[in-house]
Amino acid sequence: MCFAAPEKQLYYFYLASEGWKVFALIAVALPTLTSLLALHWSQKKWSNHPLARTLAHHTLPQSNWRFVAFSMNTEFRRIDKFATGVPGARVIVTDTWVMKVTTYRVYIAQQQDIHLTVTESRQHELSPDSNTPIQFITICVASVNPNVRPFDIRLNSTEYGELKEKLHAPIRNAANVVIHQTLSDLFLETFRSLVEANSFYELPSNQELEPCIGCMQTSANIKLVKNCHEPDEGECQQCYCRPMWCLTCMGKWFASRQDQQHPETWLSSLVPCPTCRARFCIVDVCIVR
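Residues numbered from 1 in each chain as written. Predicted model: local features only at pLDDT ≥ 70, side-chain atom pairs only at ≥ 80, totals over all residues. Heavy atoms only, no water.

Trainee: Help me understand the sheet that holds strand β2 (residues 89-93) in this model?
Mentor: The pairing of strands in a sheet happens through backbone hydrogen bonds and is either parallel or antiparallel. In spatial order, the strands read β1-β2-β3-β4; together these four strands make up an open sheet with antiparallel pairing. Two strands close off the open sheet at either side, each with one partner strand: β1 (82-84) and β4 (106-110). Pairs of neighbouring strands in the sheet enclose a mean axial angle of 10°, with direction left out of account. Direction of pairing for β1 relative to β2: antiparallel, over a ladder of three bridges. Within β2, the residue paired with Thr84 across the bridge is Val91. Against the sheet, helix α3 (residues 65-76) touches β2, β3 (97-102) and β4, its axis set at about 90° to β3. (Pairing = 2+ DSSP bridges. Helix = DSSP H or I, 4+ residues; strand = E, 2+ residues; numbered from the N terminus. Axes fitted to C-alpha atoms, helices over the stretch in contact; angles between N-to-C directions. Contact = heavy atoms within 4.5 Å.)

Structure representation (structure tokens):
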């Protein structure tokens, strides 16, 4: 800048404007403070580093944080570890450790010391990766070690079963969250919400509802009525069957007729009526009242 803007008189600090003086002080102070911080961390063979202090909370008598690091490195290299999450919030579970690695911090807890609690669940209609419904659950990891602060891990509900297999401690569901561990469970939840937004079917006064022929546990409450197009338009067909299926069984039937390799097409596809084979879509599924 001295060569590019000689009129600023930057060769001499006392002749520069106030703005340039502040800029020069910051430019010198930042690397100086950074160097001093790095020097402080490097003392005692890097024992002052924040990660080293975190590892030191898990040391045993007659050992130091390097033994903990060696144990974690050994288990991390094993192929049977559980790992999930985006690079900025990675969750790793080994035989002994539960770790959450973020951009600027690493959270660590020993499996034998932790209590796990499901605290939250979030349902998303579409996943950015596969255009399918997805559910994320949040689990709080609390340790009996007073030096270890509780932290949250977040994962896809379809990975919940794999996580439980790797953990030694049980997971409490304090929030009474319904966890959908399969794609079919997620689809049924979405199917239910979409059908509830459709128009209702008024049951004639001279007709009674019978038990669902799919599960025989609840009353049939679904009638297929062509609502997506005019009677003579579109690929959907009018179904003349009386209500014989409940919402859950109809959703399972709808999912069973889909291409399992392309779940992104499920919501927009057509399936045949399980009784008369008339083709229908989700818009044609009506709840009986």
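Trainee: Mind showing me how you'd approach empty space enclosed by the protein here?
Mentor: The gaps of empty space that remain are located by a probe, the size of a water molecule, rolled over the atoms. What the rule picks out here adds up to one cavity of 30 Å³ or more. If you add up the space inside the largest cavity, you get close to 70 Å³. Around the largest cavity, the lining comprises 13 residues; the ones closest to its centre are Ile222, Leu224, Cys241, Arg242 and Trp245. Sort the elements by how many residues they give to the lining of the largest cavity and strand β9 (residues 222-224) lands first, with three residues. Classifying every residue of the lining of the largest cavity gives ten nonpolar, one polar and two charged. (1 Å grid on protein atoms, 1.4 Å probe; cavity = no way out; pocket = protein on both sides within 12 Å on 5 of 7 lines; lining within 4 Å. Points joined across faces, edges and corners; volume = space filled by probe spheres on them. Nonpolar A, V, L, I, M, F, W, Y, C, P; charged D, E, K, R; others polar.)

Trainee: What's the story with the layout of surface pockets in this structure? I'm lost.
Mentor: Taken as a whole, the second largest pocket holds about 320 Å³ of empty space. For the second largest pocket, the lining is made up of 17 residues, of which Pro50, Thr54, His57, Arg105 and Val106 are closest to its centre. Broken down by secondary-structure element, the contributors of at least two residues to the lining of the second largest pocket are α2 (50-56) and β4. With four residues, the single largest contributor to the lining of the second largest pocket is α2. Residue classes in the lining of the second largest pocket are distributed as nine nonpolar, five polar and three charged.

Trainee: How do you make sense of the pattern of salt bridges when you look at a structure like this?
Mentor: A side chain with one charge can pair with a side chain of the opposite charge if their charged atoms come near. Under the defined criterion, the tally for this structure stands at seven salt bridges. Here Asp95 and Arg78 are joined by a salt bridge, their closest N and O atoms 3.0 Å apart. Within this pair, whereas Asp95 is found in the loop between β2 and β3, its partner Arg78 is found in the loop between α3 and β1, the two being separated by 17 residues in sequence. According to the relative accessible area criterion, Arg78 is partly exposed, its value standing at 37%. Salt-bridge contacts for Glu210 lead to Arg242; the nearest nitrogen and oxygen are separated by 3.1 Å. Linking Glu210 in the loop between α5 (183-196) and β9 with Arg242 in the loop between β9 and α6 (247-256), this pair joins segments that are 32 residues apart in sequence. On the basis of relative accessible area, Glu210 is assigned to the partly exposed category, the value being 40%. For Arg242, a relative accessible area of 42% gives the class partly exposed. Here the residues in one salt-bridge network are Arg78, Asp80, Asp95 and Lys166, joined through shared partners. (Salt bridge = Lys/Arg side-chain N within 4 Å of Asp/Glu carboxyl O. Buried < 20%, exposed > 50% of the residue type's maximum accessible area, 1.4 Å probe, protein only.)

Trainee: Explain the sheet that holds strand β5 (residues 114-124) here, please?
Mentor: Pairing within the open sheet is mixed, and its four strands lie in the order β7-β6-β5-β8. Each edge of the sheet is formed by a strand with only one pairing partner; in this case those strands are β7 (151-156) and β8 (171-173). Averaged over all adjacent pairs, the angle separating strand axes in this sheet is 35°, with direction ignored. Direction of pairing for β5 relative to strand β6 (residues 134-143): antiparallel, over a ladder of ten bridges. Looking at the pairing, His124 lines up with Ile134 of β6.

Trainee: Would you mind showing me how to read the UniProt feature "transmembrane region" (unreviewed entry) in the protein here?
Mentor: Mapped onto this numbering, the UniProt entry gives "transmembrane region" (unreviewed entry) at residues 20-39. Split by type, residues 20-39 is 100% helix and 0% strand. Its first and last C-alpha atoms lie 29 Å apart. (UniProt positions renumbered as here; feature names shortened; annotations may be inferred.)

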